[in-house]
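# Descriptive structure summary
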Amino acid sequence: MSVFELIDIDKEFKNGRNVEKILKSVDLKLKEGELTALTGPSGSGKSTLLTIAACLQKKSDGIIKFNGQDISKESDGKIRNIRAEKFGFVFQQAHLVPFLTVKEQLELMLDTANVKLDKKDRKIDKVLEAVDLSNHKDSYPESLSGGEKQRAAIARAIIHDPEILFADEPTASLDSKRSKEVMELIKSLSAKLGITVLMVTHDMDMLEYADSRVEMKDGQITAVE
Amino acid sequence: MKMAWKEMKKFKLRYLILGFIVFLISMLTLSISGLANGLSDDNASLIKHMPDGTFYMDEEAEDNYSFSSLTTEQEDEIKNASGQETFFSIQMGELLDDDDKKFSTAYVTSEGGDYFPEVDKGEIVLDSSFEGEGFEVGDEVSNSLMEEPLTIAGFVEQQKFSHTEVGFINKEDYGEMFRADTFQIGFIDDEVDLGESLKSYNNSDFLNTIPSYSAEQMSLNMIIIFLYVISALLFAIFFYMINVQKMSTFGILKAIGVKQSSLFVMMWSQMLLITIVSLIPAIVAGLLINQFAPEGMPFFLPTETITFSAIAFIIIGFLGATLSGLQIRKAEPMQAINQGGM
């Protein structure tokens, strides 16, 4: 069953007098609990598609359905609430808040997602254990290595039990060993927590973790495996 | 609020610097306000101690009390108006001690009302600062315009006019001294506009007729206004610089769903905390100056001035921070994601 659906998505950018069409009538379905990899050459529109799906930028045309409901016409406030409560994000860079410790980053996410938990600390400990960062609970981002930062970002992305995790080249800034670790982590968390994942990647080695693969070229989907 | 505090804790130095600058500016503002109040008192405490009401001078005096001379008809007109009337005259002169040492004195005589001390003929009541010069009750002082000396009957606190200590004397002695048998100024503790031959002033307008009073106060008030403007700019520039550095963080926070209003609350909390923490030592410093200022330094910092300055600083800080905080609205999640970061 598809939990998330993009129907006939167009995206145009104005470049001076010219209008560039980045996405052309893209349709995409994400199945519940599956990890879908979005691949393609640079400029094919895969990151644009991911950010439109994640409601981080507006589409020019089309429909975004989440749990059967068209969310593309919702107000900015409602979309922000959906992003905070139902979505999780992992980017190329960890993008952690520099003045918060790892634990505080997770607390912030729980507060933002309005998660009411009696035992927040236990939940945080559990997630940090899952990403192997228990020893860095009180560390600031500046004292973490690249891999640790990315694991902290993953912990932040899943702490509020999102339904969909959007990952934009989460291993791009990591070496192959760390990339593998991060992918194994995303895959295992997705399987364990039933989170649907849409991941953009350039790295063909990462495809072994995907349940399905969507190939893009020139703003269109060219293959679905 | 929690996030605001955590950021300040993490980046202590930058917020300490801002706090220190706010402390210095607020202390300077309070000091100059205290000086403005002190000089204002030094210039016109005789008038400032009077209640709100209406002052009257002869229309032809052209706003100069020393040219005013109220006729009997004009005095009757004031007496017939509602409210308690008082008449008084002021003349600058000098006072001589036993050793013929001269002291500038503003001689004041009055009738009616209880704003000025009642003085018998041959006596004088002096401002308390004469006590510091060694004068005592019972001492005799003289004046080149009078044949008989005047005996000091008492002292009154803080009665000055045009930066000169006041000496209250009886109307007969005043008449002998200045050859004047009419009053210059009438006062009613009410708002009443009288006939055409009398020009009426409220308290503030009357203070401005004192030579140099408005020029002196305007100069100091201009400095105070500039300090407030500098404070607003300081807040705006400082938060602008901090916000520019945090655009990427704001973008990411927006991406993960943090409300824009929460980011503004964070900035306002920081501004409020810095302002309050900086104002406390500035107020303490101002009060210490108020307490221990040298005798000759006119400095007066009342609670109203402190409260006004504190509220003004908070409002100014709020405006400055909000102005620079408009950038928060421009923080775009997409831009932050593409920029990279920690």
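Keep in mind the model is a prediction, meaning the values are calculated, not measured.

## So, the overall build of chain B
In terms of regular secondary structure, chain B is built from ten helices and ten strands. Taken against the 2.2 N^0.38 rule, which gives 20 Å for 342 residues, the C-alpha radius of gyration of chain B at 28 Å runs more than 25% over that of a compact globule. C-alpha atoms of chain B, sized along the principal axes, occupy 95 × 50 × 25 Å. For chain B, the proportion of its 342 residues judged to be buried stands at 36%. Put simply, 82% of the contacts in chain B that link residues at least 6 apart link residues at least 24 apart.

## Some details on the UniProt feature "domain: ABC transporter" (unreviewed entry) in chain A
UniProt feature "domain: ABC transporter" (unreviewed entry): in the numbering of this structure it lies at residues 4-224 of chain A. Between the first and last C-alpha atoms of residues 4-224 of chain A the distance is 16 Å; the span itself is 33% helix and 29% strand.

## Description of the interface of chain A and chain B
On the chain B side, the residues contacting the 24 residues of chain A number 19 residues. Among the residues making up the side of chain A that touches chain B, the classes are represented as 14 nonpolar, six polar and four charged.

## A closer look at the UniProt feature "domain: ABC3 transporter permease C-terminal" (unreviewed entry) in chain B
In this numbering, the UniProt entry assigns the feature "domain: ABC3 transporter permease C-terminal" (unreviewed entry) to residues 222-333 of chain B. Taken end to end, residues 222-333 of chain B comprises 85% helix and 0% strand; its first and last C-alpha atoms sit 44 Å apart.

## What to know about the pairing of strand S7 (residues 164-168) of chain A
Along a regular strand, successive side chains alternate from one face of the sheet to the other. All names here are of chain A. Within S7, five of the five residues are buried, leaving the element largely enclosed by the surrounding structure. Taking every second residue as pointing to the same face, both faces of S7 are buried, with Ile164, Phe166 and Asp168 on one and Leu165 and Ala167 on the other. Direction of pairing for strand S6 (residues 87-90) relative to S7: parallel, over a ladder of four bridges. Bridge assignment links Phe89 to a residue of S7, and that residue is Phe166. As judged from the five bridges shared by S7 and strand S8 (residues 196-200), these two strands associate in the parallel manner.

## Regarding the UniProt feature "transmembrane region" (unreviewed entry) in chain B
Residue and element names in this part refer to chain B. Per the UniProt record, "transmembrane region" (unreviewed entry) is found at residues 220-242, 263-293 and 305-326. Span residues 220-242 is 100% helix and 0% strand, its end C-alpha atoms 33 Å apart. From the first C-alpha to the last, residues 305-326 spans 31 Å; its make-up is 100% helix and 0% strand.

## Observations concerning the sheet that holds strand S10 (residues 220-224) of chain A
All names here are of chain A. Ordered by their spatial adjacency, six strands build an open sheet running S6-S7-S8-S3-S9-S10, and the pairing between neighbours is mixed. Either end of the sheet is taken by a strand with one partner, and the two such strands are S6 and S10. The average angle at which neighbouring strand axes cross in this sheet is 20 degrees, direction not considered. With four bridges connecting them, strand S3 (residues 35-39) and S8 associate as parallel partners. Bridged to Thr36 within S8 is Leu198.

## As for the domain arrangement of chain B
Residue and element names in this part refer to chain B. Segmentation of chain B into domains returns domain 1 (2-44 + 214-339) and domain 2 (54-190). Taken together, the five residues of domain 1 in the interface contact six residues of domain 2. Classifying every residue of the side of domain 1 that touches domain 2 by side-chain character gives one nonpolar, one polar and three charged.

## Some thoughts on the pairing of strand S9 (residues 185-188) of chain B
All names here are of chain B. Here S9 shows a buried face lined by Ile185 and Phe187 and a second buried face lined by Gly186 and Ile188. With three bridges connecting them, strand S1 (residues 54-58) and S9 associate as antiparallel partners. Bridge assignment links Tyr56 to a residue of S9, and that residue is Gly186. Bridge count between strand S2 (residues 85-96) and S9: four bridges; the pairing is antiparallel. The residue of S9 that forms the bridge with Thr86 is Phe187.

## With respect to helix H3 (residues 102-112) of chain A
Counted residue by residue, H3(A) has eight buried out of eleven residues, so it is predominantly covered. Three or more residues of H3(A) are buried, namely A:Val102, A:Lys103, A:Gln105, A:Leu106, A:Glu107, A:Leu108, A:Met109 and A:Thr112. Looking at the buried side of H3(A), the elements it contacts are helix H2 (76-86), helix H4 (120-130) and helix H5 (146-158) of chain A together with helix H1 (2-10) of chain B. Positive phi shows up at A:Asn114, right after H3(A), with a value of about 55 degrees.

Conventions we followed
- Residues numbered from 1 in each chain as written.
- Chains lettered and ligands numbered in written order.
- Predicted model: local features only at pLDDT ≥ 70, side-chain atom pairs only at ≥ 80, totals over all residues.
- Helix = DSSP H or I, 4+ residues; strand = E, 2+ residues; numbered from the N terminus.
- Rg over C-alpha atoms; globule rule 2.2 N^0.38 Å.
- Buried ≥ 20, exposed ≤ 12 C-beta atoms within 10 Å, placed from the backbone.
- Contact = placed C-beta atoms within 7 Å.
- UniProt positions renumbered as here; feature names shortened; annotations may be inferred.
- Nonpolar A, V, L, I, M, F, W, Y, C, P; charged D, E, K, R; others polar.
- Pairing = 2+ DSSP bridges.
- Axes fitted to C-alpha atoms, helices over the stretch in contact; angles between N-to-C directions.
- Domains from an automatic or database assignment.

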